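Take a look at the letters that make up each chain.
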Amino acid sequence: MRLVTEKESTYVGRCIYCGTTQEKLTEEHISPYGLNGCMTLLDASCLDCNKKITKVE
Ligand SMILES: [Zn+2]
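Residues numbered from 1 in each chain as written. Predicted model: local features only at pLDDT ≥ 70, side-chain atom pairs only at ≥ 80, totals over all residues. Heavy atoms only, no water.

Student: Could you clarify how one ought to interpret the overall build of the protein in this entry?
Tutor: In terms of helices and strands, the protein carries one helix and three strands. Sequence-ordered secondary structure for the protein, helices as α and strands as β, is β-β-β-α. Counting only residues that meet the buried cut, the protein has 23% of its 57 residues in that class. Contacts in the protein between residues far apart in sequence, at least 24 positions, make up 51% of those at least 6 positions apart. Surface exposure of the protein reaches about 4,500 Å², of which carbon and sulfur atoms provide 51%. (Helix = DSSP H or I, 4+ residues; strand = E, 2+ residues; numbered from the N terminus. Buried < 20%, exposed > 50% of the residue type's maximum accessible area, 1.4 Å probe, protein only. Contact = heavy atoms within 4.5 Å. Areas by Shrake-Rupley, 256 points an atom, 1.4 Å probe, with all protein chains shown as cover.)

Student: Please clarify how the sheet that holds strand 1 (residues 8-11) should be interpreted in this entry.
Tutor: Pairing between the strands of a sheet is mediated by backbone hydrogen bonds and can be parallel or antiparallel. Reading across from one edge, 1-3-2 is the order of the three strands in this open sheet, with mixed pairing throughout. In this open sheet, the two strands that pair with only one neighbour each are strand 1 and strand 2 (25-30). Each adjacent strand pair in this sheet contributes to an overall mean axis angle of 35°, direction not counted. Where strand 2 lies against strand 3 (residues 39-46), five bridges are found, and the strand directions are antiparallel. From the neighbouring strand, threonine 26 faces strand 3, where its bridge partner is serine 45. (Pairing = 2+ DSSP bridges. Axes fitted to C-alpha atoms, helices over the stretch in contact; angles between N-to-C directions.)

Student: Before we go on, may I ask you to explain a nonpolar patch on the surface in this structure?
Tutor: A contiguous nonpolar surface patch, about 230 Å² in accessible area, is contributed by Val12, Ile16 and Tyr17. Along the polypeptide, valine 12 turns up in the loop between strand 1 and strand 2. (Patch = residues over 30% accessible without salt bridge, like charges linked within 9 Å, V, L, I, M, F, W, Y side chains within 5 Å. Salt bridge = Lys/Arg side-chain N within 4 Å of Asp/Glu carboxyl O.)

And the structure:
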């Protein structure tokens, strides 16, 4: 297992929440628990889900 210790970017290409590939997708930033670092998922959430997640946070 490789530790994520620096910023990384991963291209996803579909919404990680609802799975759509149709909507315009946006970046998603995640910070894995127990790991120092931030991961950027490119094109990983649609605008609808992004709004919902932003509201919750
Ligand atoms: Zn979605």
